[in-house]
Amino acid sequence: MHDTTDRTLGRLRRFVDEWLLAAQYRHRAALEVTSWEVPDEPVPFSQAIQGRYRPHPTGTPWGKPWGTVWFHVTGTVPPEWSGEIGAGQVRPELVVDLGFSGANPGFQAEAIVYSAEGEILKALEPRNQYVVLPAAAGDRIEVYIEAAANPDVPQGSFTKPTTMGEKSTADPSELYTLRTVDVALLDVPVWELVQDVTALGGLVEELSAQDPRRGQIVAALEDMLDAIDPADLPGTAQAGRAALATVRSAPAHASAHCIHAVGHAHIDSAWLWPVRETVRKCARTFANVLALMETDPDFTFACSSAQQYAWIEQYYPELFVRIAEKVREGRFIPAGGMWVESDTNMPGGEAMARQFLEGSGYFLDTFGVETTDVWLPDSFGYTGALPQIAAAAGKDAFFTQKMSWNDTNAMPHHTFDWEGIDGSRIFTHLTPVDTYNSDLSARELARAQRQYTEKGRANTSLVPFGHGDGGGGPTREMIAAARRTADLEGSPKVVLSSPARFFAAARAEYTRPPVWSGELYLEYHRGTYTSQHRTKAGNRRTEHLLREAELWAATATVRTGAAYPAQDLQRLWRTVLLHQFHDILPGTSIAWVHREAEQRYTETIAELEQIIATALAALAGEGTEEVTFNAGPFPRGAVPALGAGAAAGTADDGVTDLVRDDTGVVLDNGRLRVGIDGRGLITSVLDLRTGRQALPPGQVAGLLQVHRDIPNQWDAWDIDEHYRRNVRDLTEAISIQEITDTSGGAGVQVQRRYGDSRIVQRYLLPDGARRVELTTEVDWHERHTLLKLAFPLDVRAEQAASEIQFGHINRPTAANTSWDHARFETVAHRWVHVGEPGYGFAVANDSTYGHDITRTTRADGGTTTTVRQSLLRAPMFPDPDADQGRHTLRSSLVVGAEIADAVTEGYRINLPERTVSGSGAVDPLVQVSDPAVVVEAVKLARDGSGDVIVRLYESRGGRARATVTPGFQATGALATDVLERPGTDRGVEVDPDGRVELDLRPFQIVTLRFGRP
C-alpha cells in the first residue's frame, strides 16, 4: 500500500486550522460594553459598580500598564437560538478577547468575571476565554469584568532592561485593544471532535513511522476527514467522531508508563508582577478551578502556599467559602505545607522550620487538613537540611521538577530517597515531564515516559498540569486530554490524581529506591545567591531580630508576667516568610517587588526593635547599672548565652596596638599581628600563638575584585563560569586613615573608587581577638559587574564547610568531576570554614550568601585555598536598577579556627549584644551543658498555652551528649515535632524535674516543649 501519511496530515492541519477550530461556536452575538478605568490601585466590586461607565465598543484600546479597567457587559441570549439550545447539543457562553497576545498566560492581560450581584463566576485568560452562561434563549445577560492590564514584562527576553517593572517608569500608553465580547453557542460535538483530533493527531507525531499503531490512527483520521463536511460541521461532527471511535478506544499497552496527572497552577507569589497582583491571580485561578469542578466530578486541584489561601480568605471571603467546601470534599487539595514555596538555599534554619509551622499550622487550623508532602516545583536548588526539617514537620514525601534545569549534569534518578545532612530520608520525585505547567499534550506525555529513569524497577510518575507561573490553572481542554489518554494505545496511561495518591502508588511499586545524599544543587541560577543585596540583607536582619524578639519577649513573660506579643510576632514572621518566596529573596523580581520588600523589611525591623526594647525594659528593671543582653547561644565574656549580665572588659595585654611604618600599618593585639600596606590591603595575618602565617607568600586578603558579569540567558538569575576570565583587582586607594573602635580595637579605613562607584573598607583588629573584622561600604553604580571580596589562605583544604540550616555541608575544593566543576558558585549562610587537620580559618558575614572557594598549587609547592564572598551584582533584568546605591556588608576572618569557632563567629557577627540601663543580671530561660548543642529558638508555644518551646541542634557534625536545664519552674518537658506536637525523637530523655538529657546524632534537630504552672 502506498504511504499517504504526509498528505493526510497536511489535509488534517488545513481542516483544523481553517474549519474545525472556528466551528466550535455555531453562532455569536455582540453584547453591549461600557467601561470604567480605576484611577489608581484595584478596588473591590462594591466600589467598582459605583464607577462612571462610558461606552466601550470592541476595537477600543484599554489598559495602562498595571492599571485596572472594569467592563460592564449587558445583552440578551438571542431568542432565535431557542430551538438549538433545546436540542441539547449546544450551550450559551460568554466569550471575551481582551486583546490577548501570543505571550504565555499570566504574562499579559487577564480578568475575573462577576455576576451583577457580585458573585465571582470565572476568570478570563488568553487560552481560557469563556464563561458558561446558565441561560436560555431570550434571557438577559449582565456581568462585570475586572480586567488587569498587566504588561508582558520580558517581551521574550530575560536579559534586556525594562521600564515596565514599576508603574512610575512604565510607558503610560494603553496596552490592549478589546476585540470580542460576545454571547456564543458552543457546539459540544464539534468541541469534542477538536479534542479527539488533538489527542490522536498529537500521538501520531510521537509514534515512529514503523509503528502499526501510527498507521491505524492516520487511516482513521483519513476516514474522519472523509466523513465530515466542512460546510456542515454541526451536522457531521458526530460522524467524524464515530470514524475515530475504534482507534480512540484501543487500550494502552500493559507496560505503558502510568502518569498521575495533578491539576495545578504554579502561581509565583511575586515575580514579574507585584504581590498585590498575585492576590488577584490567585482569585482568578481558583475561580477557574471551581468552575471546572462544577462540570467534572473527578477533577482535583492541588495548591500549596498557605499564604495564597490566607489572601483569598482576607480579600475574597465568598470565594474562600467555596474553596473550603471543595477542600472538605477532598477535591481542592492543600499541598506542601509551607507558608510559601520558598527559596531553600538562603532562609535560615528557624525560618525554614517556620515555613512549615505557619503553613501546616494554617492548613490544620483552617481546614483540619494535614499535608504530608513538600511541594516545591520551582525553587533554585534544595538545601541538604530540608529532609530533616520536612520530616520534623510531619512530611514524608518531596516533589520538584527544577533539577531538570541543570546545565551540566542530569540527575540520575526521578524517584529516590533523599538523605539529608543528619541522615534523615524523604521519599522524593522529580517529574520526568520537566515542567510544572504541563498541558497533557501527547508530546509532553511521551517525554515523561521516554525520560523516566526508573524503568524496570518502577513505572509511575507525577505530572502537574495547568497554566502556571502567572496562574490560570487547568483548562477543560487539558481535562479532555486526560480523559482521552486514560487508557489509549501508544500513550502512557493518565489518571487524574492527587499528590497523596501518587506518592502512595509510587512507594508501593518502588520499595527499595536509590538514595541521593546531600544537597540538590541546581547547576543554574547561581546568581540568585547575590542579586538584590538589600532584599537579602533585610531577610538576614529580620530573621535574627525575630529570634531576639521571641527570646526576650518569652523571657519577660516568664520572669515578669509581661504580655507575650504572639499575634504581632506571628504577623511579622509571616511577612518575612512571604519575602522568602523563591523569586523575591533570590532577587529575581521586578523593581516594584524589591522596592516593596525593602519597605516591608524597614517596617518589620522598626516593629521588632520596639518589641525587643519593651521586653528588655521589663527584664532590666529600674536602675542605672549597665546590663548587657546576649541573644546568642554562646557566652560572651561574663554575659551568659540567652541572658544578661555585666559586660567584661579586655585584659591590658589584649589591647590592640597600631604602629605605622614605611610599609604601612601593623596591628598587634597579642594574638594576631596584621600588616596593611600603603594600598590599603592586608599583606600579613600572623598567628602569634603558633607562629603560622595565614596568607600565602605575596598575596593579600580583603582584596576587592570586579568581574564582567554578563550571563547568557537569565540576567538576575545566572552567574556563568566565563565571568572568571575577566577580572580586575581593586588595589588603588584614594586615602588610608587610622581608626579606633569604641568597643575596643584599632584598624584602618581605606577609600577606593571604581568606575562610578565609591567604596570604603574598614579593617579592625579587636582587642584580644583572633579575628580581623572587615566592613565594606559601597555606593554602587556599575552595570553587569560582580563585586567579590577575596581571602587567599595558606592552607590545603580538601573541602570547604559551608553553613546551611541547622548545620553545614562539606563541598570539595577540587574540580575532579563534572559535578564539582559545575559547582563553581555556592551558597553559605553565616560562615565558611576551610582547614587542614588541626588548623583552619573561618570567613563569616552578616548579609552575604554567594561564595566561591578554590584551591591552587603555588610555585613553592604550597597550596592556596581562596575563599571569596560575592558582595554585589548589577543585573539589568528584571530590575534595571538592581543593587544600585548604598550597601554595608560586614565580614570577618577568624584565624586558627575549628568548626566550633566558625559557628560561634557566625552568631556573633549577626547577633550583637545590647546594653541598657537596669538593675542587674537576667538568668537564661534555658541552659545547655555542651556548647556543640546550639539553641536556635526560644519562644512561647503557638497554641497560647504559655509553654516554652526550645529548638536546638548539634552544630559541629559529630555526636553530642548534653543536659538541657530550664531556668524556671517547669512542670515537665517533652520532645515535639516542628508543629509543637508530641514527637518521637530518639536520644531524648526527660527527668521528672524537667531537665532533658540529649544524645544527638550529627546535625540532629530537637524541639523541646517545657510546661509551665
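Residues numbered from 1 in each chain as written. Predicted model: local features only at pLDDT ≥ 70, side-chain atom pairs only at ≥ 80, totals over all residues. Heavy atoms only, no water.

Details of helix α13 (residues 476-484)
Let me state the cut-off plainly: Any residue under 20% of the maximum accessible area for its type is buried, any over 50% is exposed, and the rest in between are partly exposed; the area is computed with a 1.4 Å probe on protein chains only. Put simply, DSSP marks the helices as runs of H or I at least four residues long and the strands as runs of E at least two long, and each gets a number from the N terminus on.
Burial runs high along α13: 7 of the 9 residues are buried. All of the buried residues in α13 are R476, M478, I479, A480, A481, A482 and R484.

Focus: the nonpolar core
For clarity, the cut-off: Nonpolar cores were defined as sets of buried Ala, Val, Leu, Ile, Met, Phe, Trp, Tyr and Cys residues, with membership established by side-chain atoms within 4.5 Å. Two residues qualify as a contact provided that any one of their heavy atoms is within 4.5 Å of a heavy atom in the partner residue.
Counting residues in hydrophobic clusters, the biggest one holds 187 residues, and the most contacted among them are F286, L319, F332 and F1010. Among the elements that make up this core, the one with the highest residue count is helix α17 (residues 591-620) (11 residues). Sequence-distant contacts of F1010, that is, excluding residues within four places in its chain, are made with D947, V948, V950, V964, P966, F968, A970, G972, A973, G994 and V996. Residues V750, Y754, L765 and Y839 belong to the second largest nonpolar core, which totals 44 residues.

Points about empty space enclosed by the protein
Here is the rule: Only protein atoms enter the 1 Å grid, on which a cavity is a set of points fitting a 1.4 Å probe that cannot get out and a pocket is an open set with protein on both sides within 12 Å along at least 5 of 7 lines, lining residues being those with an atom within 4 Å of a point. Grid points are joined across faces, edges and corners, and a volume is the space filled by probe spheres set on the points. Any residue that is not Ala, Val, Leu, Ile, Met, Phe, Trp, Tyr, Cys, Pro, Asp, Glu, Lys or Arg is counted as polar, Gly included; the first ten are nonpolar and the last four charged.
This structure, assessed with the given rule, holds 4 cavities of 30 Å³ or more. For the largest cavity, the lining is made up of 21 residues, of which G348, G349, E543, R830 and E936 are closest to its centre. Elements with a contribution of two residues or more to the lining of the largest cavity: α10 (349-367), α15 (533-560), β37 (799-804) and β47 (933-940). The biggest single contributor to the lining of the largest cavity is α15, with 4 residues. Here the lining of the largest cavity is built from residues that sort into 9 nonpolar, 5 polar and 7 charged. In this structure, the second largest cavity spans a volume of roughly 50 Å³. Together, H264, A265, I267, C303, S304, S305, Q308 and E341 line the second largest cavity. By residue class, the composition of the lining of the second largest cavity is 3 nonpolar, 4 polar and 1 charged.

As for the sheet that holds strand β3 (residues 54-55)
Each strand in a sheet pairs with its neighbour through backbone hydrogen bonds, running either in the same direction (parallel) or in the opposite one (antiparallel). Rules: Between any two strands, at least two bridges found by DSSP are needed for them to pair. In this analysis, axes come from line fits to C-alpha atoms, helices being fitted only over the stretch in contact, and the angle between any two N-to-C directions falls in the range 0 to 180 degrees.
Pairing is antiparallel in the open sheet, where 6 strands are placed in the order β3-β2-β5-β10-β7-β8. Sheet topology places β3 and β8 (120-124) at the edges, where each strand pairs with a single neighbour. In this structure, strand β2 (residues 32-37) lies alongside strand β5 (residues 67-76), joined through 6 bridges in antiparallel fashion. Its bridge partner lying in β5, E37 is registered against V69. Packed onto the sheet, helix α7 (residues 275-295) meets β5, β7 (110-115), β8 and β10 (140-149) and runs at close to 110 degrees relative to β8.

Here's the deal with the side chain of T8
By the secondary structure assignment, T8 is in helix α1 (residues 5-20). In contact with T8, not counting residues within four places along its chain, are V218, E222 and L225.

Observations regarding the packing of helix α8 (residues 306-315) against helix α9 (residues 317-329)
Quick note on the threshold: The cut-offs work like this: below 35 degrees is roughly parallel, past 145 is roughly antiparallel, 65 to 115 is roughly perpendicular, and the gaps in between are oblique.
For the pair α8 and α9, interaxial distance at closest approach is 6 Å and the crossing angle is 130 degrees. As summarised for this structure, α8 and α9 are arranged oblique, according to the angle between their axes. On α9, the residues touching Y309, I312, E313, Q314 and Y315 of α8 are P317, L319, F320 and I323. Residues of the contact of α8 with α9, tallied by class, amount to 7 nonpolar, 1 polar and 1 charged.

Notes on the packing of helix α4 (residues 188-206) against helix α6 (residues 233-249)
What describes two packed helices is the angle between their axes and the distance between those same axes. Condition: Less than a right angle of anticlockwise turn of the near helix away from the far helix marks a crossing as left-handed, whereas a clockwise turn marks it as right-handed.
Direction vectors running N to C along α4 and α6 enclose 35 degrees, while the axes themselves pass 9 Å from each other. In this structure, α4 crosses over α6, and the sense of that crossing is left-handed. For the pair α4 and α6, contact is made by P189, V190, E192, L193, D196, V197 and L200 and by L233, P234, A237, Q238, G240, R241, L244, V247 and R248, respectively. Here the contact of α4 with α6 is built from residues that sort into 10 nonpolar, 2 polar and 4 charged.

Observations regarding α15
What counts, and what does not: Given a helix with a known number of residues, its expected span is that number minus one, times 1.5 Å.
With 28 residues, α15 ought to run about 40 Å at 1.5 Å a step, and its terminal C-alpha atoms sit 39 Å apart, in line with that. Burial within α15 is extensive, with 23 of its 28 residues counted as buried. At the C-terminal side of α15, G561 shows a positive phi close to 80 degrees.

Describing the pattern of salt bridges
Worth spelling out the cut-off: By definition, a salt bridge exists where a carboxyl oxygen of Asp or Glu is found within 4 Å of a side-chain nitrogen of Lys or Arg.
Evaluation of the coordinates by the stated rule reveals 84 salt bridges. E192 serves as the salt-bridge partner of R484, at 2.6 Å between the closest nitrogen and oxygen. Residue R484 is found in helix α13, and its partner E192 is found in helix α4; the two are separated by 292 residues along the sequence. As a salt-bridge pair, E936 and R547 come within 4.0 Å of each other at their nearest N and O atoms. Taken as a pair, E936 in strand β47 and R547 in helix α15 lie far apart in primary sequence, 389 residues in all. Summarising the burial analysis for this pair, E936 and R547 share the class buried. The structure contains a network of salt bridges with shared partners spanning D40, E41, E110, E146, K167, R276, E277, R280, K281 and R284.

Function cannot be read off these values alone, since they describe shape.
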